Amino acid sequence: MYSIDNSQQLFNRAQQSIPGGVNSPVRAFKSVGGTPLFIEKAKGAYLYDADGNQYIDFIASWGPMILGHAYEPVVKAIQEKAVYSTSYGAPTALEIEMAELIKSMVPNVDLVRMVSSGTEACMSALRLARGYTGRNKFIKFEGCYHGHADAFLVKAGSGLATFNIQTVPGITAGVSNDTLTCAYNDLAAVEQLVAANKGEIAAIIIEPVAGNMGCILPQPGFIEGLRKICDAESIVFIFDEVMTGFRLAAGGAQHHLNVNADLVTYGKVIGGGMPVGAFGGKREIMEKIAPLGNVYQAGTLSGNPIAMIAGYTTLSELKNNPSIYTELEQKTVYLRDGLHKVLQASGTPYVINQRGSMISIHFSDHPVTDFATAASANNELFKKYFHAMLKRGIYLPPSAFESWFLNNALTKEDLDKTITATAESLQEIL
Ligand code: PMP
């Protein structure tokens, strides 16, 4: 008999001392209803909650755990490093090795600065683009999430879309007025916006494959078109690769899509499950960062040795075993094809978007190519699907506005179980 009594008790207790009982909003299951699971441990592709239930994990800590949980080389490396102190606040050789490893894997990164989250990476990259160009405005895309720095919380996806938050109290109009937005995949709208703000736009920032409104793919020519606009108008093109970096390919979306960014931000996989982010790019731009230039950016725990060794070990595994990406893609395509079969048989309208090991389902009868089409899908049905899957031991993101992330510990049996659970769930909820 499936029970989550312990999670319920922990959630009640958590709400007494933590806002909403969680340290990041989407974890609260508020939009899908019900009780968030309190996790006790995880191994490989499986999560175990406080009641001892086992789940196949399609969140992977929202992306980082690409090799599976408690991946032994990573655990061992952390243990070995921890005995030498957990932080120095001074440079280490490991940070050089990390920077060199990143440069050897991804294109167009001459210099790279480590930070502690994806938010910090994107916030710093935007400040740098503004400092470099001397311009204030920037363009982001509706439904893209670039962390919770003030400038980005305009028409942002992820939790803001999940909770339908239109404007965020506490962010001044002065800040958000410089944030210009366009629909994803709408190149003509970008051209118009750039023309209307000629010489004023510092940067265009994009999730090159978007994962914060479900998974949304760039249409052919879209990213290439943005690159051309940026070149013509001396706009800094920023790829937010917090999700796609080291996930779509060892070289991230730049490699996968064969388009060059001027600046690129990383998070998630780069830290192997530890709090790590990074931003990097062309030397000419990166040299404006302090202490070389005056664009200030800093961090007490930046380049932290435990975080670095977890990230370094994860990236090394990915670099040394490129077949991981082929395996991940094969697994995701196998899942996608299986889901297609059972969804088609159910007769309910649906869309599956997939790229590499990112995939999502929207219950929609039209293609899902931007935020508007993602938002008009039947998200009530998604909620029911989520709960029907959860009680069958499948842990999906608790929102249709999130991508699923596959990890390489998943087996064919896990994927078959997920496909069967989907067939059963659809039967139950339709
Ligand atoms: N950019 C993207 C594309 C993201 O998906 C996220 C987090 N989901 C962020 C930035 C922010 O990263 P963090 O949560 O590590 O601050």
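Residues numbered from 1 in each chain as written. Predicted model: local features only at pLDDT ≥ 70, side-chain atom pairs only at ≥ 80, totals over all residues.

Some words on the overall build of the protein chain
A count of helical and extended segments in the protein chain gives 15 helices and 14 strands. For 430 residues, the compact-globule formula gives about 22 Å, and the C-alpha radius of gyration of the protein chain, at 21 Å, lands near that figure. Judged by the C-alpha coordinates and their principal axes, the protein chain covers about 60 × 55 × 45 Å. Evaluated residue by residue, the protein chain yields a buried proportion of 51% over its 430 residues. By sequence separation, contacts in the protein chain at least 24 residues apart represent 75% of the contacts at least 6 residues apart. (Helix = DSSP H or I, 4+ residues; strand = E, 2+ residues; numbered from the N terminus. Rg over C-alpha atoms; globule rule 2.2 N^0.38 Å. Buried ≥ 20, exposed ≤ 12 C-beta atoms within 10 Å, placed from the backbone. Contact = placed C-beta atoms within 7 Å.)

Focus on the packing of helix α14 (residues 379-390) against helix α15 (residues 412-429)
Two elements in contact, α14 and α15, have axes whose closest approach is 9 Å; the angle formed by their N-to-C orientations is 125 degrees. In terms of axis orientation, α14 runs oblique to α15. Two packed elements cross with a definite hand, and for α14 against α15 that hand is right-handed. The residues of α15 that touch α14, namely those facing L381, K384, Y385, A388 and M389, are A421, S425, E428 and I429. Residues belonging to the contact of α14 with α15 are distributed by class as follows: 6 nonpolar, 1 polar and 2 charged. (Axes fitted to C-alpha atoms, helices over the stretch in contact; angles between N-to-C directions. Parallel < 35°, antiparallel > 145°, perpendicular 65-115°, else oblique. Left-handed = near helix turned anticlockwise from the far one by under 90°. Nonpolar A, V, L, I, M, F, W, Y, C, P; charged D, E, K, R; others polar.)

Structural notes on the site of the ligand
Within the structure, the ligand sits among 17 residues, and S117, G118, T119, G147 and V242 are positioned closest to it. Take the shell around the ligand: its biggest share by element is 3 residues, from helix α4 (residues 118-133). For the shell around the ligand, the class distribution of residues is 5 nonpolar, 10 polar and 2 charged. (Near = placed C-beta within 6 Å.)

Here's the deal with the sheet that holds strand β3 (residues 54-57)
Strands sit in the order β1-β2-β3-β13 across an open sheet of 4 strands; the sheet is mixed. Of all the strands in the sheet, just β1 (39-43) and β13 (394-395) have a single pairing partner and so form its edges. In the sheet, β3 pairs with β13 via 2 bridges, with the strands oriented parallel. From the neighbouring strand, I56 faces β13, where its bridge partner is I394. (Pairing = 2+ DSSP bridges.)

Overview of helix α1 (residues 5-17)
Because an α-helix packs 3.6 residues into every turn, residues spaced three or four apart end up facing the same way. The end-to-end C-alpha distance of α1 is 19 Å, a good match for the 18 Å that 13 residues give at a rise of 1.5 Å each. Three or more residues of α1 are buried, namely S7, L10 and F11. Seen from one end, α1 has its buried residues packed into an arc of 105 degrees, which puts them on one side. Within α1, the exposed residues directed more than 90 degrees away from the buried face are D5, N12, R13 and Q16. On the buried face of α1, the contacting elements are β2 (46-49). (Expected span 1.5 Å × (residues − 1). Arc of directions from axis to C-beta.)

A few points about the pairing of strand β8 (residues 236-240)
With 5 of 5 residues buried, β8 is to be regarded as a mostly interior element. In β8, alternate side chains face the same way, and those of V236, I238 and D240 on one face and F237 and F239 on the other are all buried. As paired elements, strand β7 (residues 201-206) and β8 share 4 bridges and run parallel to each other. Each residue of the ladder has a partner; that of I204, found in β8, is F237. Tracing the backbone out of β7, into helix α8 (residues 222-233) and back to the parallel element β8 gives a crossover that is right-handed. (Right-handed = clockwise from strand over helix to strand, strands pointing away.)

Overview of the sheet that holds strand β4 (residues 111-115)
Two strands in a sheet stick together by hydrogen bonds in their backbones, pointing the same way (parallel) or opposite ways (antiparallel). Read from one edge to the other, the open sheet built from 7 strands follows the order β4-β10-β9-β8-β7-β5-β6, with strand pairing classed as mixed. Strands at the two margins of the open sheet, each flanked by one partner only, are β4 and β6 (179-182). Taking the axes of each pair of neighbouring strands and ignoring which way they run, one obtains an average angle of 20 degrees across the sheet. Relative to β6, strand β5 (residues 137-141) runs parallel, the two being bridged by 4 bridges. Looking at the pairing, F141 lines up with C182 of β6. Along the sheet, α4 contacts β4, β5, β7, β8, β9 (263-266) and β10 (277-281); its crossing angle with β9, the most-contacted strand, is approximately 165 degrees.

So, the nonpolar core
With 132 residues, the main nonpolar core has A129, A203, I204, V236, I238, L263 and A278 as its most contacted residues. Looking at which domains feed residues into this core, each of domain 1 (5-70 + 322-429) and domain 2 (72-320) supplies at least three. The residues touching A129, leaving out its near neighbours within four places in the chain, are F138, A202, A203, V236, I238 and L263. (Core = buried A, V, L, I, M, F, W, Y, C linked by C-beta atoms within 7 Å. Domains from an automatic or database assignment.)

Side note on the packing of helix α3 (residues 93-105) against helix α11 (residues 305-320)
Following both chains from N to C, one finds α3 and α11 inclined at 30 degrees, their axes separated by 10 Å at the closest point. Taken as axis vectors, α3 and α11 run roughly parallel relative to one another. The chirality of how α3 crosses α11 is left-handed. In contact with L94, E95, E97, M98, L101 and M105 of α3, α11 contributes P305, M308, I309, G311, Y312, L315, S316 and K319. Here the residues of the contact of α3 with α11 sort into 9 nonpolar, 2 polar and 3 charged.

Some remarks on the confidence of the model for the protein chain
Summary statistics for the protein chain give a mean pLDDT of 97 and a share of 100% for residues scoring 70 or more. Across the assembled chains, the prediction reports ipTM 0.99 with pTM 0.98. (pLDDT = per-residue confidence, 0-100.)

Observations concerning the domain arrangement of the protein chain
By domain assignment, the protein chain separates into domain 1 (5-70 + 322-429) and domain 2 (72-320). If you average the C-alpha positions of domain 1 and of domain 2, the two centres end up 25 Å apart. Of the residues lining the interface, 36 residues belong to domain 1; the matching set on domain 2 comes to 35 residues. Residue assignment for the side of domain 1 that touches domain 2 shows that the elements contributing at least two residues are α12 (323-346), β11 (351-355), β12 (358-362) and α13 (371-375). Broken down by class, the residue content of the side of domain 1 that touches domain 2 amounts to 20 nonpolar, 12 polar and 4 charged.

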